[in-house]
Amino acid sequence: MNNGLCTSERLSKYFLGGLFALFSLGLIVLGFTLLPVIGFVLALPVLAIGIFLIRARLNDQCELDFNIDVS
């Protein structure tokens, strides 16, 4: 696969993953200040989604490939 062909897909994958990670950081801050239990309960799945999107692989057609192990 040519690395230059999927640049926009990679950027959008990293952008969405980073956006979810930042949103989870905001929920953690909210958990420390206002809503301790709800903030942390919501932050963990959002952080997991962000990490999953950042680590997800792209297949040959430049789409997210959910069948490949990311470990």
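Residues numbered from 1 in each chain as written. Predicted model: local features only at pLDDT ≥ 70, side-chain atom pairs only at ≥ 80, totals over all residues. Heavy atoms only, no water.

**Student:** Help me understand the overall build of the protein chain, please; the structure alone is not making it clear to me.
**Tutor:** Secondary structure assignment for the protein chain yields two helices and two strands. Reading the secondary structure of the protein chain in the N-to-C direction produces α-α-β-β. Looking at the protein chain as a whole, 24% of its 71 residues are labelled buried. Considering only intrachain contacts with a sequence separation of at least 6, the fraction spanning at least 24 residues in the protein chain is 48%. When the accessible surface of the protein chain is summed, it comes to about 5,100 Å², and 71% of that surface belongs to carbon and sulfur atoms. (Helix = DSSP H or I, 4+ residues; strand = E, 2+ residues; numbered from the N terminus. Buried < 20%, exposed > 50% of the residue type's maximum accessible area, 1.4 Å probe, protein only. Contact = heavy atoms within 4.5 Å. Areas by Shrake-Rupley, 256 points an atom, 1.4 Å probe, with all protein chains shown as cover.)

**Student:** Help me out: how do you make sense of helix α1 (residues 7–33) in this one?
**Tutor:** Note that an α-helix has 3.6 residues per turn; residues three or four places apart therefore point the same way. In this model, α1 (27 residues) spans 39 Å end to end at C-alpha, consistent with the 39 Å of a helix rising 1.5 Å per residue. Residues of α1 that are buried include every one of Lys 13, Gly 17, Ser 24, Leu 27 and Gly 31, and no others. (Expected span 1.5 Å × (residues − 1).)

**Student:** Got a minute to help me understand the environment of Leu 25 in this structure?
**Tutor:** Here Leu 25 lies in helix α1. Leu 25 sits in the partly exposed class, given a relative accessible area of 47%. Placed 19 residues apart in sequence, Leu 25 and Leu 44 show a C-alpha to C-alpha distance of 9.6 Å.

**Student:** Can you help me understand the side chain of Ser 24 in this one?
**Tutor:** Within the secondary structure, Ser 24 sits in helix α1. Excluding anything up to four places from it in sequence, Ser 24 contacts Ala 43, Val 46 and Leu 47.

**Student:** I tried to follow the side chain of Lys 13 on my own but got confused; where do I start?
**Tutor:** Looking at the secondary structure, you find Lys 13 in helix α1. In this structure, Lys 13 is buried with no salt-bridge partner, the nearest side chain bearing the opposite charge being Glu 9 at 11 Å. Side-chain polar atoms of Lys 13 contact the backbone oxygen of Ala 56, separated by 2.6 Å. (Lys, Arg positive; Asp, Glu negative; His and termini not counted. Salt bridge = Lys/Arg side-chain N within 4 Å of Asp/Glu carboxyl O. Polar contact = N/O pair within 3.5 Å; in protein donor to acceptor, adjacent residues only side chain to side chain.)

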